[in-house]
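Each chain is listed here by its residues.
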Amino acid sequence: VNVPIVAIALVAGAILIPKSRDENPHSIDYVGFILSVVAIGSLVFTVIESPMWGWGSSTSYLGFAISAVALVAFVRFESHVEHPLLDVRVFRNARVSAAAGSIAVAFFCLFGFTFLVTQYFQFVRGYNTLSSGVHTIPFAIGAGVTAPFAARAALKWGTKRVVALGLLNMSIGLFIASSMDAHSSYFGHVIIGMLFMANGLSLVTSPSTDAIMGSLNRDKAGVGSAINDTGREVGGTLGVAVVGSVFVSLYSPKILEKFEQIPGLIANLPKGVLKMSEESVGAAYQVAQQAPVGIRDQVEAAVSASFLHGFSMACVVASIAALVGS
């Protein structure tokens, strides 16, 4: 579905968007490139794997240490090299750094929530894959309706107020989502939470992007675009990693506890299936569907309760992140 949209965008962009390029292009900064990959990659990998390793394990500490050392090395190297991959000195401009941080926080919350809410629709509400996607449409509509007004609002009331309001709205939406359960009204509780988040996202992204691009010279538009997009991608990646890790850290022990309360269930599970159920909600629901008829409802209720236990706290963590960002 993206192909015709991208084709139109490429043609329209070539015709309508004025050219902007650095008049003094330079070779690629391979050292900066490698250090950035090591810093971000090791951080994301460590956050994802730490629930399995143990958050206080030596492996976990090593992963975070590698990320921190690589990040410090990247900043120091980029500060002194003649042609840096990213001129980190631009972050001395509070308008740039605050805007990039706001975008990262917004996409941290967005990706983290989206990662879990699609599973909520499929595994807790019982929607099929297509229906789960359709039920997220209000999010897209809410963001689309708000976006055209966000930049105008920033001109009228100031970027800081509008972006802070956007992150606050995302925090409220996530807090509402944290109390969702298997019987929450879709056309009430669920949509209200999603619309708050969608509205907040639009209030953050457009003014923040404008703040970044407007703070740099035109020949540095590529740098501004890179800062903007890297903030989105790193924030979103960490959102899935951190929110997912919070979820797994709470879901895994809860599903084991719930399964132990169902007489005879664990003893009759094939080897390795219990471990898979602790790591994957989908696997746990497969166990529920194949359980004997007499205990099937109990197993499904156990999986649903365990999922919601992790989902609720993960939404609270994301809500706090958005509130701190605000």
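See the structure printed just above.
Residues numbered from 1 in each chain as written. Predicted model: local features only at pLDDT ≥ 70, side-chain atom pairs only at ≥ 80, totals over all residues. Heavy atoms only, no water.

Asks: A description of the packing of helix H2 (residues 30–53) against helix H9 (residues 221–260) should follow, citing residues and the corresponding values.
Replies: Contact geometry for H2 and H9: axes closest at 8 Å, N-to-C directions at 15°. It follows from the interaxial angle that H2 and H9 lie roughly parallel. For the pair H2 and H9, the crossing hand works out as left-handed. Seen from H2, the contacting residues are Ile40, Leu43, Val44, Val47, Ile48, Pro51 and Met52; seen from H9, they are Val234, Thr237, Leu238, Ala241, Val242, Ser245, Val248 and Ser249. (Axes fitted to C-alpha atoms, helices over the stretch in contact; angles between N-to-C directions. Helix = DSSP H or I, 4+ residues; strand = E, 2+ residues; numbered from the N terminus. Parallel < 35°, antiparallel > 145°, perpendicular 65-115°, else oblique. Left-handed = near helix turned anticlockwise from the far one by under 90°. Contact = heavy atoms within 4.5 Å.)

Asks: How would you explain the packing of helix H4 (residues 94–124) against helix H12 (residues 293–325) if you had to name every residue and give the values?
Replies: Two elements in contact, H4 and H12, have axes whose closest approach is 10 Å; the angle formed by their N-to-C orientations is 165°. Put simply, H4 runs roughly antiparallel to H12. In this structure, H4 meets H12 at a crossing whose hand is left-handed. Contacts between H4 and H12 pair Val105, Phe108, Cys109, Phe113, Leu116, Val117, Gln119, Tyr120 and Val124 from the former with Ser304, Phe307, Leu308, Phe311, Ala314, Cys315, Ala318, Ala321 and Ala322 from the latter. In the contact of H4 with H12, the residues fall into 16 nonpolar, two polar and no charged. (Nonpolar A, V, L, I, M, F, W, Y, C, P; charged D, E, K, R; others polar.)

Asks: Any details on a nonpolar patch on the surface? Residues and values, ideally.
Replies: On the surface, Phe33, Ile34, Val37, Val38, Leu62, Ile66 and Leu85 cluster together into a nonpolar patch covering about 620 Å² of accessible area. Elements supplying a minimum of two residues to the nonpolar patch: H2 and helix H3 (58–80). Counting residues per element, the nonpolar patch draws most heavily on H2, which supplies four residues. Within the element layout of this structure, Val37 appears in helix H2. (Patch = residues over 30% accessible without salt bridge, like charges linked within 9 Å, V, L, I, M, F, W, Y side chains within 5 Å. Areas by Shrake-Rupley, 256 points an atom, 1.4 Å probe, with all protein chains shown as cover. Salt bridge = Lys/Arg side-chain N within 4 Å of Asp/Glu carboxyl O.)

Asks: Summarise the side chain of Glu278; cite the residues concerned and give the values.
Replies: Relative to the helices and strands, Glu278 resides in helix H10 (residues 273–279). One buried charged residue, Glu278, forms no salt bridge at all, with the nearest opposite charge on Lys275 at 5.2 Å. If we ignore the near neighbours within four places in the chain, the residues touching Glu278 are Tyr251, Ser252, Ile255 and Leu256. (Buried < 20%, exposed > 50% of the residue type's maximum accessible area, 1.4 Å probe, protein only. Lys, Arg positive; Asp, Glu negative; His and termini not counted.)

Asks: Please set out the state of the cysteines residue by residue, giving values where relevant.
Replies: For the structure shown, the criterion picks out zero disulfides. Here Cys315 stays unpaired: no disulfide links it, and the sulfur of Cys109, its closest cysteine neighbor, is 10.0 Å away. Owing to a relative accessible area of 2%, Cys315 belongs among the buried residues under this scheme. (Disulfide = S-S within 2.5 Å.)

Asks: Lay out the packing of aromatic side chains in plain terms, naming residues and giving numbers.
Replies: Enumeration over the complete set of coordinates arrives at 11 aromatic pairs. Between Phe107 and Phe111, the aromatic rings sit 5.9 Å apart at their centres with planes inclined by 65°, giving edge-to-face as the arrangement. Note that Phe107 and Phe111 are positioned in helix H4 at a spacing of four residues, about one turn of the helix. Accessibility expressed as a relative area gives 9% for Phe107, which makes it buried. Judged by relative accessible area, which is 32%, Phe111 ranks as partly exposed. (Phe/Tyr/Trp six-rings, centres within 6.5 Å; stacked < 30°, edge-to-face > 60°.)

Asks: If you had to explain the layout of surface pockets to someone new, which residues and values would you point to?
Replies: Put simply, the largest pocket is a space of about 1200 Å³. In this structure, the largest pocket is lined by 41 residues; those nearest its centre are Phe74, Leu86, Ala226, Ile227 and Thr230. For the lining of the largest pocket, the elements supplying multiple residues, two or more each, are H2, H3, H4 and H9. A per-element tally of the lining of the largest pocket places H9 first, with 10 residues. Per-class residue counts for the lining of the largest pocket are 25 nonpolar, nine polar and seven charged. (1 Å grid on protein atoms, 1.4 Å probe; cavity = no way out; pocket = protein on both sides within 12 Å on 5 of 7 lines; lining within 4 Å. Points joined across faces, edges and corners; volume = space filled by probe spheres on them.)

Asks: Break down the environment of Tyr285 for me, citing the residues and quoting the values.
Replies: Turning to its location among the elements, Tyr285 is positioned in helix H11 (residues 281–290). Put simply, Tyr285 and Leu110 are 175 residues apart on the chain and 25 Å apart in space, counted from C-alpha to C-alpha. With residues up to four places along the chain from it excluded, the contact list for Tyr285 reads Phe123, Val124, Glu300, Val303 and Ser304.

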